[in-house]
Amino acid sequence: MKQLRIGMIGYKFMGKAHSNAYRSLPMFFPKALKPEMSVICGRNAEALEEAATQLGWSDCVTDWKDLIAREDIDLIDINAPSNAHKEIALAAAKAGKHIFCEKPLALTLADSREMLQAAEDAGVTHMVGFNYRFSPAVRLAKKLVESGRLGKIYHFRAWFLQDWIIDPEFPLVWRLQKEIAGSGSHGDLGAHLIDLAHFLVGDVKEVIGMSETFIKERPLAAEMTGLSAKGDKDAPKGKVTVDDATLFLARFDNGALGSFEATRFAAGHRSTNSFEINGSLGSVKFDFERMNELEVYLSSDAEDVQGFRRVLATDPAHEYAEAWWPPGHTIGFEHTFIHEMLELSNAIEEGRQPVPNFHDGVKCQAVLEAVERSIEQRRWVDISEM
């Protein structure tokens, strides 16, 4: 296989990110399988045709079942709302298509396990979209942890702070409806933090959490796309059925302690996705709003120069960086998706599962639901219960 023929379901926020990644991949990673942007799928025919032209897709269809039935498609890319993931993924696996699915993998842990089993039974490649793993600075943090340069890991603390729905008149978009999104800030933002914790530190053993929905009702949306929406403040109101903020504590299998905070009510924080790891020999700090940088502290430094140093992860020594620009020339949000699709492409060509895959999606979903159970029952919950 020299080309990867792609059918993509969804064309808004993530659809644009994925399309850009497919278009850019062969320019900067020419040895990878060349993505063929064959067919894009969405429900609104007029908007879909505009998206196909804008994003560079050869054909478009309004029924995802027709897309999956096509014999000229190798990979199904699912970036539709979360409530559609399971049905599409099961059909894609049955048809023998490779699958890329945005996170969270499904609305429930049971559904995510069913998706994993179907993909494994079909013998297809499966990947889940945790793009923040693919920042060069995050890969550097992983390298420092794995190599032992930070010593024994004691703490992982993470926070994902946004403020885009802090206005009580902001419309009731689908991300605020449990039947479509599954959960609010917990599953949307917290899922990324959980995956980063799994990637960098290890498996979570037990959790205890709390959550709050600050605005209980909102005007119904007249129009929505990505993280924006339009509505009339005098419009009828609907109930918000997900969390606005969720915080939880965790204990890892290796004994490390963790704290996690996800909220859409942190005024002034447009998208502050950050973590800090503390070990016996050093620490690292990361903030995605400064995604090219990793702050590193090593206790082995001489006492008179000890302190956090800013490492700009743009040199050839940093993963993925050599494909881009000269040292010091930074990359952005969109590049994480290009690196993600590179991993997917390489995995398909090499006959292996990419990382992260549906196993990682299931593992993340187990923690999400353990936190929800903890909040409901007001107790510590062991992940083995799930």
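Going by the annotation in an unreviewed UniProt entry, the name recorded for the chain is Dehydrogenase, with Paenibacillus etheri given as the source organism.

A.B. asks: So what's going on with the overall build of the chain? Residues and values would help.
C.D. replies: Each helix and strand counted, the chain has ten helices and 19 strands in total. Its C-alpha radius of gyration of 21 Å places the chain within 12% of the 21 Å reference for a compact globule of 386 residues. Taken along the three principal axes of its C-alpha coordinates, the chain extends 65 × 50 × 40 Å. Burial analysis of the chain (386 residues in total) assigns 56% to the buried set.

A.B. asks: Account for the sheet that holds strand 8 (residues 204-212), naming residues and giving values.
C.D. replies: Pairing in this open sheet of nine strands is mixed, and the strands run 18-17-16-15-7-14-13-8-19 from one edge to the other. Two strands lie at the open edges of the sheet, namely strand 18 (309-312) and strand 19 (381-382), each paired on one side alone. Pairing between strand 13 (residues 245-252) and strand 14 (residues 257-263): seven bridges, direction antiparallel. In the strand pairing of strand 14, T246 is matched with A262. In this fold helix 6 (residues 136-146) packs onto strand 7 (153-161), strand 15 (272-279), strand 16 (282-287), strand 17 (293-298) and strand 18, with an angle of close to 20° to the strand it touches most, strand 17. Contacts from helix 10 (residues 358-377) reach strand 8, strand 13 and strand 19 within the one sheet, and its direction differs from that of strand 8 by about 55°.

A.B. asks: Which residues make up the domain arrangement of the chain, and what are the values?
C.D. replies: In terms of domain boundaries, the chain breaks down into domain 1 (3-131) and domain 2 (132-356 + 363-377). Across the contact, 41 residues belong to domain 1 and 48 residues belong to domain 2. Buried area between domain 1 and domain 2, both sides added, is near 3600 Å², and the carbon and sulfur share of it is 68%. Considering only the side of domain 1, the residues that lose the most area to domain 2 are M127, F130 and N131, jointly responsible for 24% of the buried surface there.

A.B. asks: Give a detailed account of helix 9 (residues 333-350), specifying residues and quantitative values.
C.D. replies: Quick reminder: α-helices carry 3.6 residues per turn. Residues three or four places apart thus point the same way. For helix 9, built from 18 residues, the straight-helix expectation of 26 Å at 1.5 Å per residue is met to within 8% by its first-to-last C-alpha distance of 27 Å. Along helix 9, 13 of the 18 residues are buried, which leaves the element largely enclosed by surrounding structure. Immediately downstream of helix 9, the backbone of G351 shows phi near 70°, a positive value.

A.B. asks: Tell me about the side chain of H335, and please be specific about residues and values.
C.D. replies: If you trace the backbone, H335 turns up in helix 9. Beyond its immediate sequence surroundings of up to four residues, H335 is in contact with W324 and W325.

A.B. asks: Any chance you could break down the UniProt feature "domain: Gfo/Idh/MocA-like oxidoreductase N-terminal" (unreviewed entry) in the chain for me, citing the residues and the numbers?
C.D. replies: Annotation from UniProt places "domain: Gfo/Idh/MocA-like oxidoreductase N-terminal" (unreviewed entry) at residues 4-130. Counting secondary structure, residues 4-130 comes out at 45% helix and 24% strand; the distance between its end C-alpha atoms is 21 Å.

A.B. asks: How would you summarise the packing of helix 4 (residues 85-94) against helix 5 (residues 109-122) if you had to cite specific residues and measurements?
C.D. replies: With their axes 9 Å apart at the nearest point, helix 4 and helix 5 run at an angle of 10° to one another. Compared by their axis directions, helix 4 and helix 5 come out roughly parallel. As for the relative orientation of helix 4 and helix 5, their crossing is left-handed in sense. For the pair helix 4 and helix 5, the contacting residues are H85, K86, A89, L90 and A93 in the first and D111, E114, M115, A118, A119 and A122 in the second.

A.B. asks: Break down the pairing of strand 13 for me, citing the residues and quoting the values.
C.D. replies: Within a regular beta strand, the side chains point alternately toward one face of the sheet and then the other, so they alternate between its two faces. Where strand 8 meets strand 13, eight bridges bridge the pair, whose relative direction is antiparallel. By the bridge assignment for strand 13, E206 is matched with R251. The turn linking strand 13 back onto strand 14 is made up of four residues, and G255 within it adopts a positive phi angle of 95°.

A.B. asks: Residues and numbers for the sheet that holds strand 6 (residues 126-129), please.
C.D. replies: Paired through their backbone hydrogen bonds, the strands of a sheet run either parallel or antiparallel. Here we have six strands laid out as an open sheet, ordered 3-2-1-4-5-6, and parallel in their pairing. With partners counted over all chains shown, the strands left at the sheet margins are strand 3 (59-61) and strand 6, one partner each. Across the sheet, the mean angle separating the axes of adjacent strands is 25° when strand polarity is ignored. By the bridge criterion, four bridges tie strand 4 (residues 75-78) to strand 5 (residues 98-102) in an arrangement that is parallel. Across the sheet, residue D77 finds its bridge partner in strand 5, namely F100. Where helix 2 (residues 45-55) meets the sheet, it contacts strand 2 (34-41) and strand 3, and its direction lies at approximately 165° from that of strand 2.

A.B. asks: Lay out a negative patch on the surface with the relevant residues and their values.
C.D. replies: Among the surface-exposed residues, D167, E169, D232 and D234 lie close enough to one another that they form a single negatively charged patch. Looking at the secondary structure, you find D234 in the loop between strand 11 (228-230) and strand 12 (237-239).

A.B. asks: Report on unusual backbone geometry, specifying residues and quantitative values.
C.D. replies: Most peptide bonds are trans, and most residues other than glycine sit at a negative phi. For the peptide bond that leads from K103 to P104, omega is -15°, which places it in the cis range. Phi is positive for Y320, which is not a glycine, with a value near 75°. For Y320, the location among the structural elements is in the loop between strand 18 and helix 9. Assessed through its relative accessible area of 14%, Y320 is described here as buried. Although it is not a glycine, R378 sits at a positive phi angle of roughly 55°. Following the sequence through the fold, R378 ends up in the loop between helix 10 and strand 19.

A.B. asks: Kindly report on the environment of F288, identifying the contributing residues and their values.
C.D. replies: Along the chain, F288 falls in the loop between strand 16 and strand 17. For the pair F288 and A69, spaced 219 residues apart in sequence, the C-alpha separation works out to 39 Å. With sequence-adjacent residues up to four places away left out, F288 is seen in contact with Y132, S135, N273, F333 and T336.

The rules behind these values
- Residues numbered from 1 in each chain as written.
- Predicted model: local features only at pLDDT ≥ 70, side-chain atom pairs only at ≥ 80, totals over all residues.
- Heavy atoms only, no water.
- Helix = DSSP H or I, 4+ residues; strand = E, 2+ residues; numbered from the N terminus.
- Rg over C-alpha atoms; globule rule 2.2 N^0.38 Å.
- Buried < 20%, exposed > 50% of the residue type's maximum accessible area, 1.4 Å probe, protein only.
- Pairing = 2+ DSSP bridges.
- Contact = heavy atoms within 4.5 Å.
- Axes fitted to C-alpha atoms, helices over the stretch in contact; angles between N-to-C directions.
- Domains from an automatic or database assignment.
- Buried area = accessible area lost by both parts, 1.4 Å probe.
- Expected span 1.5 Å × (residues − 1).
- UniProt positions renumbered as here; feature names shortened; annotations may be inferred.
- Parallel < 35°, antiparallel > 145°, perpendicular 65-115°, else oblique.
- Left-handed = near helix turned anticlockwise from the far one by under 90°.
- Patch = residues over 30% accessible without salt bridge, like charges linked within 9 Å, V, L, I, M, F, W, Y side chains within 5 Å.
- Areas by Shrake-Rupley, 256 points an atom, 1.4 Å probe, with all protein chains shown as cover.
- Salt bridge = Lys/Arg side-chain N within 4 Å of Asp/Glu carboxyl O.
- Lys, Arg positive; Asp, Glu negative; His and termini not counted.
- Charge placed at Lys NZ, Arg CZ, Asp CG, Glu CD.

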